[in-house]
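Letter by letter, the chains look like this.
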Amino acid sequence: MTKDMKDIVALCKRRGFIFPASDIYGGLNGFWDYGPLGTELKNNLRDRWWKDMVITPPIGPDGAPIEIVGVDSSIIQNPRCWEASGHIGGFNDPMVDCKESKKRYRADHVVVYLPKDGEGVAVSFDKDAEDDEIEKRLKKLTKKTPADFETAKLDQVDVAKFANIIGPDVKEAGTLTEPRQFNMMFHTYVGAAAGDENKAYLRPETCAGIFLNFKNVVDSSRVKVPFGIAQVGKAFRNEVTPRNFVFRSREFEQMELEWFCEEEDVPMWFDFWVEQRTNFWLSLGLPKSSLHFLDVPKDDLAHYSSRTIDVEYQFPFAAPDFDELEGIAHRGCFDLTQHAEFSGQKLDYFDQPNNRRFVPHVIEPSTGLTRGVLALLCEAYTVDENRPSGVYMNFHPSMAPKKAAILPLTAKEDHVPTAQKLYMDLRDEFVVDLDIKQNIGKRYARQDEIGTPYCFTIDNDTLADGTVTVRERNTMSQERIHLDKVKDFLREKIKG
Ligand code: GAP
């Protein structure tokens, strides 16, 4: 069954996963707040990534664990950093304004239907427009069918033809301006004076802080190439068209690894990281059939990359197509070389056994933490008309915000103290919910909607023989286990 983003967004708000930022003031486009459950979910994904990268990094091709250390760098850095990285000259998207609708579009996000016979107007659409919407609008504006047109992205259409194009939100041709570059970095001023000399930027990606600390890390720890430096944190981009819930936001979080290796080993490590990252997503419950790997065409590569594979997920707004979840890029030695040049510092590596200096190459698996949360939410959302909630969140138990709920069957005195005791016993190790009020059906429904994998119900039999009912979220099946076994049961089920 196809999943509807509207339903997912509504559940996220209703149950406290994600709210629009500044909700009481009408929101702010491109900004989101994580509620009690969304914060747990995001922390679970972040912690799992950190564990897999920094605490227990994968076993390398030689059978020994590889070496990765973590950093947590400043969001605002010396602005020279962004000159070196290419973001102050190049972090631009070609933008087109519509004089009539006053809307601004990324030129590569607008698809133009150009008449094959060259006769009549061309009509443009948002790249996510549905087929039936396109067909209807083409018919209305041109009396032709989609087969009468060929398509091109607006940034690939000759500007001379713009006068003949109807913009995505208007009815007359000739209202789109020529594409202009737009810098996506947010800026601020450091200190009291608001002049150009005090201008600074919010980082548009977290990796820069890793490159800036390359020398500090090498000098202060015992890492040897090949090794990695990992970082999780906020990034900011003044996206022109934030869209699809948290998919493209203006403030978001990234989890980035910069893997420093010898140039000749790049192909081996590139494949290694594609495999590792794929296994990561599979182990969290994203099925292989919902993932797609895009070898990014040369023309679409970022300025620093000679090869990038995007791990794409079948987000409901893209289905049956896929959209980017993570990028694995070969960044060459671009960043260290640039920062060395702009800072005047040596950013190379001394290989003691071979007595030689070199600038390592970099493989970068870069994933959006908040985009990953969206993928987990979309994957988990499961319509089931046979249960009172009509829907449940099928999170992998290790990602579920609450691992279990403890439900006294009634609010009667004898059930509640036993439930409280179990809650106190479990909460040191697991995030658990003690839910006392309402009838049991409503409480199960709530736990289904927030994706709690197990509910333990305390009833009269518990008082008699010390057993509780365990209800499994997906199957709704129930079994009884002894109170003494609950901890081991959860440990076993929740293993990542
Ligand atoms: N350091 C490389 C880099 O930042 P990117 O492809 O621009 O590469 C990496 O971003 C990941 O960050 C993307 O795959 C996506 O998951 C996430 N991301 C990028 N822009 C985002 C946005 N506006 N909102 C949410 N996530 C975003």
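Residues numbered from 1 in each chain as written. Predicted model: local features only at pLDDT ≥ 70, side-chain atom pairs only at ≥ 80, totals over all residues. Heavy atoms only, no water.

**Q** Is there a simple way to explain the overall build of the protein chain in this structure?
**A** When helices and strands are counted, the protein chain shows 14 helices and 27 strands. On the principal axes, the C-alpha backbone points of the protein chain span a range of 85 × 75 × 50 Å. Scored against the burial criterion, the 496 residues of the protein chain give a buried share of 51%. A separation of at least 24 residues holds for 65% of the contacts in the protein chain among residues at least 6 apart in sequence. With an accessible surface of roughly 23,800 Å², the protein chain has 48% of that area assigned to carbon and sulfur atoms. Both charge centroids of the protein chain, one from 64 positive and one from 80 negative side chains, sit 4 Å from each other. (Helix = DSSP H or I, 4+ residues; strand = E, 2+ residues; numbered from the N terminus. Buried < 20%, exposed > 50% of the residue type's maximum accessible area, 1.4 Å probe, protein only. Contact = heavy atoms within 4.5 Å. Areas by Shrake-Rupley, 256 points an atom, 1.4 Å probe, with all protein chains shown as cover. Lys, Arg positive; Asp, Glu negative; His and termini not counted. Charge placed at Lys NZ, Arg CZ, Asp CG, Glu CD.)

**Q** What exactly am I supposed to notice about the sheet that holds strand E16 (residues 307-313) here?
**A** Sheets are built from strands that pair by backbone hydrogen bonding, the pairs being arranged parallel or antiparallel. The strand order across the open sheet built from 7 strands is E3-E13-E14-E20-E17-E16-E15, with neighbouring strands paired in mixed fashion. Looking along the sheet, the strands with just one partner apiece sit at the ends: strand E3 (68-70) and strand E15 (291-295). Strand-to-strand twist of the sheet, defined as the mean angle between neighbouring strand axes without regard to direction, takes the value 20°. Of the strand pairs in this sheet, E15 and E16 are connected by 5 bridges, and their pairing is antiparallel. Counted as the bridge partner of Leu-291 is Tyr-313 from E16. (Pairing = 2+ DSSP bridges. Axes fitted to C-alpha atoms, helices over the stretch in contact; angles between N-to-C directions.)

**Q** For this particular structure, what's the right way to read the environment of Val-232?
**A** Assignment of secondary structure puts Val-232 in strand E13 (residues 227-236). Val-232 gets classed as buried once you look at its relative accessible area, which sits at 15%. Along the chain, Val-232 and Gly-70 lie 162 residues apart, while their C-alpha atoms are 8.7 Å from each other. The residues contacting Val-232, other than those within four sequence positions of it, are Arg-46, Trp-49, Trp-50, Gln-254, Met-255 and Leu-369.

**Q** So what exactly am I meant to see when it comes to the sheet that holds strand E9 (residues 165-166) here?
**A** As summarised here, the arrangement of the 4 strands in space is E8-E6-E7-E9, forming an open sheet in which the pairing is mixed. Sheet topology places strand E8 (149-153) and E9 at the edges, where each strand pairs with a single neighbour. As judged from the 2 bridges shared by strand E7 (residues 122-126) and E9, these two strands associate in the parallel manner. By the bridge assignment for E9, Ala-122 is matched with Ile-165. Each of strand E6 (110-115), E7, E8 and E9 is contacted by helix H5 (residues 131-142), which is oriented at about 150° to E7, the strand it contacts most.

**Q** Honestly, the side chain of Glu-326 in this entry has me stumped. Any pointers?
**A** Looking at the secondary structure, you find Glu-326 in strand E17 (residues 323-332). When its relative accessible area of 1% is taken as the criterion, Glu-326 is described as buried. Setting aside anything within four residues of it in sequence, one finds Glu-326 in contact with Arg-277, Trp-281, Ile-309, Asp-310, Val-311, Pro-365, Ser-366 and Thr-367.

**Q** Whenever I open this one, the nonpolar core confuses me. Can you help?
**A** Among soluble globular proteins, nonpolar side chains are generally buried collectively. Counting residues in each nonpolar core, the largest one holds 59 residues, and the members touching the most others are Phe-17, Leu-45 and Trp-273. Dropping the residues within four chain positions of it, Trp-273 is found in contact with Met-53, Pro-58, Ile-66, Ile-68, Leu-257, Trp-259, Ile-328, Ile-363 and Pro-365. Judged by nonpolar contacts, the second largest core, of 23 residues, contains Leu-154, Ile-165, Ile-166 and Leu-176. (Core = buried A, V, L, I, M, F, W, Y, C linked by side-chain atoms within 4.5 Å.)

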